[in-house]
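Survey of secondary and tertiary structure
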Amino acid sequence: MLGFRLLVAAALAVYGCAAQNASLDFPEDFMFGVATAAYQIEGAWNVSGKRESIWDDFTHEHPDWIADGSNGDVACDSYHKLDVDLEMLQDLGVDFYRFSFAWSRILPEGHTDQINPDGISYYNRLIDGLLAAGIQPVATMYHWDLPSPLQDLGGWPNSFTADFFVQYARVLFENFGDRVKWWITFNEPKEVTRGYGENDKAPRINTHGIGEYLSAHTILLAHARTYHMYDEEFRATQQGRVSITLNQDFCIPKDDSEENKDAADRCNQFELGWFAHPIYSQEGDYPEVMRTRIDENSAAEGRPFSRLPYFTSAQVEYIKGTFDFFGLNHYSTRLAEDGLAGENPSRKRDGGYATSFDPSWPTSASDWLVVYPEGIRLIVNWINATYGDVPILITESGFSDLGELNDTGRQDYYREYLRQLSLAINEDGINVIGYTAWSLMDNFEWLDGYTARFGLYYVDFEDDDRPRTAKGSAELYKQIVASHQVPEAESTAAWGW
Ligand code: GBH
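This text gives an overview of the structure that appears in the document.

**A word on helix 9 (residues 189-197)**
Counting buried positions along helix 9 gives 9 out of 9 residues, so the element sits mostly inside the fold. Every buried residue belonging to helix 9 is among Pro 189, Lys 190, Glu 191, Val 192, Thr 193, Arg 194, Gly 195, Tyr 196 and Gly 197, and all of these are buried. After helix 9 finishes, the residue Asn 199 shows a positive phi value of roughly 65°.

**Things to note about the pattern of salt bridges**
All chains considered together, the criterion is met by 38 salt bridges. Note that Glu 191 is salt-bridged to Arg 194, the shortest N-O span being 3.5 Å. With Glu 191 and Arg 194 both in helix 9 and 3 residues apart, the pair spans about one turn of that helix. Across the pair Asp 338 and Arg 266 runs a salt bridge, and its minimum N-O distance is 2.9 Å.

**A short note on the sheet that holds strand 2 (residues 96-100)**
Spatially, 1-2-3-4-5-7-10-11 is the arrangement adopted by the 8 strands of the closed barrel, whose pairing is parallel. Across the sheet, the mean angle from the axis of one strand to that of its neighbour is 25°, orientation sign disregarded. Bridge count for strand 5 (residues 241-247) against strand 7 (residues 326-329) is 3 bridges, and the pairing is parallel. Note that in strand 7 the partner of Leu 246 across the bridge is Leu 328. Against the sheet, helix 15 (residues 374-387) makes contact with strand 7, strand 10 (392-396) and strand 11 (432-438), and its axis sits at roughly 150° relative to strand 7, the strand it touches most. Against the sheet, helix 17 (residues 472-483) engages strand 1 (31-35) and strand 11, with an angle of about 150° to strand 1.

**Comments concerning the nonpolar core**
Core analysis: the largest hydrophobic core is formed by 143 residues, its most contacted members being Phe 101, Trp 183, Phe 326 and Tyr 435. Apart from residues no more than four positions distant in its own chain, Phe 326 is found in contact with Leu 246, Leu 272, Ala 276, Tyr 280, Ile 383, Tyr 387, Val 390, Pro 391, Ile 392 and Leu 393. Core analysis: the second largest hydrophobic core is formed by 7 residues, Val 138, Trp 182, Ile 184 and Leu 393 among them.

**Some thoughts on the environment of Asn 247**
Its location among the elements puts Asn 247 in strand 5. As a C-alpha pair, Asn 247 and Leu 272 span 25 residues in sequence and 6.9 Å in three-dimensional space. Discounting chain neighbours no more than four positions away, the residues touching Asn 247 are Glu 188, Lys 190, Glu 191, Leu 272 and Asn 329. In this structure the side chain of Asn 247 is engaged in a polar contact, spanning 3.0 Å, whose partner is the side chain of Glu 191.

**What about the site of the ligand?**
Lining the immediate surroundings of the ligand are 16 residues, of which Gln 40, His 143, Glu 396, Glu 445 and Trp 446 lie closest. Gln 40 is positioned such that a nitrogen or oxygen atom in its side chain is 2.8 Å from an oxygen atom of the ligand. Separating an oxygen atom of the ligand from a side-chain N or O atom of Arg 194 is a distance of 3.0 Å. Protein contact buries 81% of the 570 Å² of open area that the ligand shows by itself. Assessed atom by atom at 2 Å from the grid points, the ligand resides in the largest pocket. Here the shell around the ligand is built from residues that sort into 6 nonpolar, 5 polar and 5 charged.

Rules used throughout
- Residues numbered from 1 in each chain as written.
- Predicted model: local features only at pLDDT ≥ 70, side-chain atom pairs only at ≥ 80, totals over all residues.
- Heavy atoms only, no water.
- Buried < 20%, exposed > 50% of the residue type's maximum accessible area, 1.4 Å probe, protein only.
- Helix = DSSP H or I, 4+ residues; strand = E, 2+ residues; numbered from the N terminus.
- Salt bridge = Lys/Arg side-chain N within 4 Å of Asp/Glu carboxyl O.
- Pairing = 2+ DSSP bridges.
- Axes fitted to C-alpha atoms, helices over the stretch in contact; angles between N-to-C directions.
- Contact = heavy atoms within 4.5 Å.
- Core = buried A, V, L, I, M, F, W, Y, C linked by side-chain atoms within 4.5 Å.
- Polar contact = N/O pair within 3.5 Å; in protein donor to acceptor, adjacent residues only side chain to side chain.
- Near = heavy atom within 4 Å.
- Areas by Shrake-Rupley, 256 points an atom, 1.4 Å probe, with all protein chains shown as cover.
- 1 Å grid on protein atoms, 1.4 Å probe; cavity = no way out; pocket = protein on both sides within 12 Å on 5 of 7 lines; lining within 4 Å.
- Sits in = over half its atoms within 2 Å of the grid points.
- Nonpolar A, V, L, I, M, F, W, Y, C, P; charged D, E, K, R; others polar.

Set out below in structure tokens:
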């Protein structure tokens, strides 16, 4: 009798589980959000005490480096349109809003001797507005806008920049940590290093092969120090989470050959493992394949030291484990093959791989972004296989076009990427805890200026008022957030999925 009752109970439990899986693509507690970054939306570049960052200088001194010669002086004018942004967020019904603090709005010179009260009060109004609307703030400390005076001292290749970052992080914890429970120290450190190595990001100092490794070294230490500071001084009272956001457009082998499989692995190690291995792996430090290849190349170049700096063993231990989740920005996928690319020397060349796209993959308004939905399932599986069962928060993902309101390309992208992500969760058992659409609204897209648009909301940059209009994708996302389900496409996608 007891056996029978257990059997019925078990059958009911299995049925209940299956019924739940059949009805929901994402678990009840899965979080949906949208993201922006300070320089890309705020404008107000020189008012209320804010001073210049390297992106102000870059765009002002070299409009010729930006596709449409534009800058973020006004952008979406979110500094003055906070209430409108909050209404949009509320309308979408998102669980969280990922935004970034502008370091030079809070500390105009980058240093803590001068704190700008207007900067503090702007972010207080944002955070309080979010909480009043039931939206969790997810705050990025650094989304690429280094205060110019710190660049004058050398910027990220200078190890002292870590000291200034930690002092700034303390100001953020002290002022906002009572209400912000999700912290991201750095957005995409790999992209930050491109400003010192690959010549396409501010401050565009091309010290390729050296500057990018020194910058990464400083950033990893700054991140770890910030994490430990939170542990020692703030965690007990504030009870939040602190991590970092790494980006990877996943590399898969161009064909089945062993050398191209190795090339794809090197691509993921040299781009994602570079930061992930020191923080998330069991053994810590840079990936072995980077250590070996860069040490060998440096020796062959006749250098007395490796271009990849060394951590002391105490530093390896100190950096290891400085996470509460894995922040991942993922947009696209690439094919990797064995070969030499990039300047000599450079990180790319040290990696010994070249990347390309399959011509059948749908394209976007950004030359680096193609649509390969399975890629998001593959990369979260790779992270889980490589670093263990860490909770993964997708902190950015999205699609660019030229600004259509009926943005079918973006709607297809979100539908297909989210379907693949739900398979990773439900079929593969990967611990993905949330997804963030980049972006809430069209904004200043770095070197592309305003030519490539990522928003769920359209922004009219010709109008002084910067009016926002919901696109089709805003409606779709709203529906997904509310139902935790990905609807079937209403019409056949132009791309034939
Ligand atoms: C994110 O970066 C940023 O966090 C966000 O600010 C930005 O607006 C958003 O995505 C959309 O771009 O082809 O070798 O020259 C995305 C990072 C940008 C990384 C483009 C790869 C091109 C590499 N990606 N970049 S390459």
